[in-house]
Amino acid sequence: MNPGPFYFLPFMNMDKIIEEEKKDITFYSEILSPDLTLLYGNAFKNEYVPYKNYNPTLPLVKDEQEKLLREIQMYSLLTHDLKLYLDIYPEDKQMYDLYHRYVVDSHKLADEYQEKYAPLFSYKAEFDDSFTWVKYRMKED
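Remember, predicted model here, so these are calculated numbers, not experimental data.

Before going further, it helps to spend a moment on the packing of helix 3 (residues 64-88) against helix 4 (residues 93-116). At a minimum axis separation of 9 Å, helix 3 and helix 4 run at an interaxial angle of 155°. In terms of orientation, helix 3 and helix 4 fall into the roughly antiparallel class. The crossing of helix 3 and helix 4 is left-handed.

If you want it as structure tokens, here you go:
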């Protein structure tokens, strides 16, 4: 008996769907390095879709300060993507360990930058004779 123009597919078991999705992706070998993550804009190889014949490039760095900022950007983007993955698969211990390792590296780089140059975050600024965040901003202008 056909109740009308609609055809309803039987529902699949959600556990089966999740397992099939995991088979399609080999997660750990498909994670890009930090520099390629910044180049392609995401951490997973299977997520990058090239646009026509465009080849992504990164601008050259002029000095040590820009090099350090670039590394901070690379690790920040990579940890952000891994965090999004962990939102979906929170029980994945190996991915968490990888995420944690990159977070530690990112914080070390940020601390190194702040010691050498200027605060990256306003909460890291100090108060000498004035708010150092403002002092650094005034030097740049």
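Read on, since the account is not over.
Moving on to the pattern of salt bridges. One side chain can pair with another of opposite charge once the charged atoms of both are near each other. Scanning the model with the defined rule gives four salt bridges in all. Two residues, Lys-62 and Glu-66, come together in a salt bridge whose shortest N-O distance is 3.5 Å. Since its relative accessible area comes to 70%, Lys-62 is described here as exposed. Two residues, Asp-97 and Lys-93, come together in a salt bridge whose shortest N-O distance is 2.8 Å. Taken together, the residues Asp-97 and Lys-93, both in helix 4 and four residues apart, mark about one turn of the helix. According to the relative accessible area criterion, Lys-93 is exposed, its value standing at 53%.

Ile-31, Phe-44, Leu-82 and Met-95 are the most contacted members of the largest nonpolar core, which totals 18 residues. Counting only elements with at least two residues in this core, the list comes to helix 3 and helix 4. Leu-82 has contacts with Ile-31, Phe-44, Met-95, Leu-98, Tyr-99 and Tyr-102, leaving out every residue within four places of it along the chain.

Quick look at the packing of aromatic side chains now. Taken as a whole and judged by the stated rule, the model has six aromatic pairs. With 4.4 Å between their ring centres and 45° between their planes, Tyr-40 and Tyr-48 make a pair best called tilted. Taking relative accessible area as the criterion, Tyr-48 reaches 24% and is therefore assigned partly exposed. Across the ring face of Tyr-102, the terminal group of Arg-101 is positioned such that the distance to the ring centre comes to 4.8 Å.

So, how was this worked out
Residues numbered from 1 in each chain as written. Predicted model: local features only at pLDDT ≥ 70, side-chain atom pairs only at ≥ 80, totals over all residues. Heavy atoms only, no water. Axes fitted to C-alpha atoms, helices over the stretch in contact; angles between N-to-C directions. Helix = DSSP H or I, 4+ residues; strand = E, 2+ residues; numbered from the N terminus. Parallel < 35°, antiparallel > 145°, perpendicular 65-115°, else oblique. Left-handed = near helix turned anticlockwise from the far one by under 90°. Salt bridge = Lys/Arg side-chain N within 4 Å of Asp/Glu carboxyl O. Buried < 20%, exposed > 50% of the residue type's maximum accessible area, 1.4 Å probe, protein only. Core = buried A, V, L, I, M, F, W, Y, C linked by side-chain atoms within 4.5 Å. Contact = heavy atoms within 4.5 Å. Phe/Tyr/Trp six-rings, centres within 6.5 Å; stacked < 30°, edge-to-face > 60°. Lys NZ or Arg CZ within 6 Å of the ring centre and 35° of its normal.

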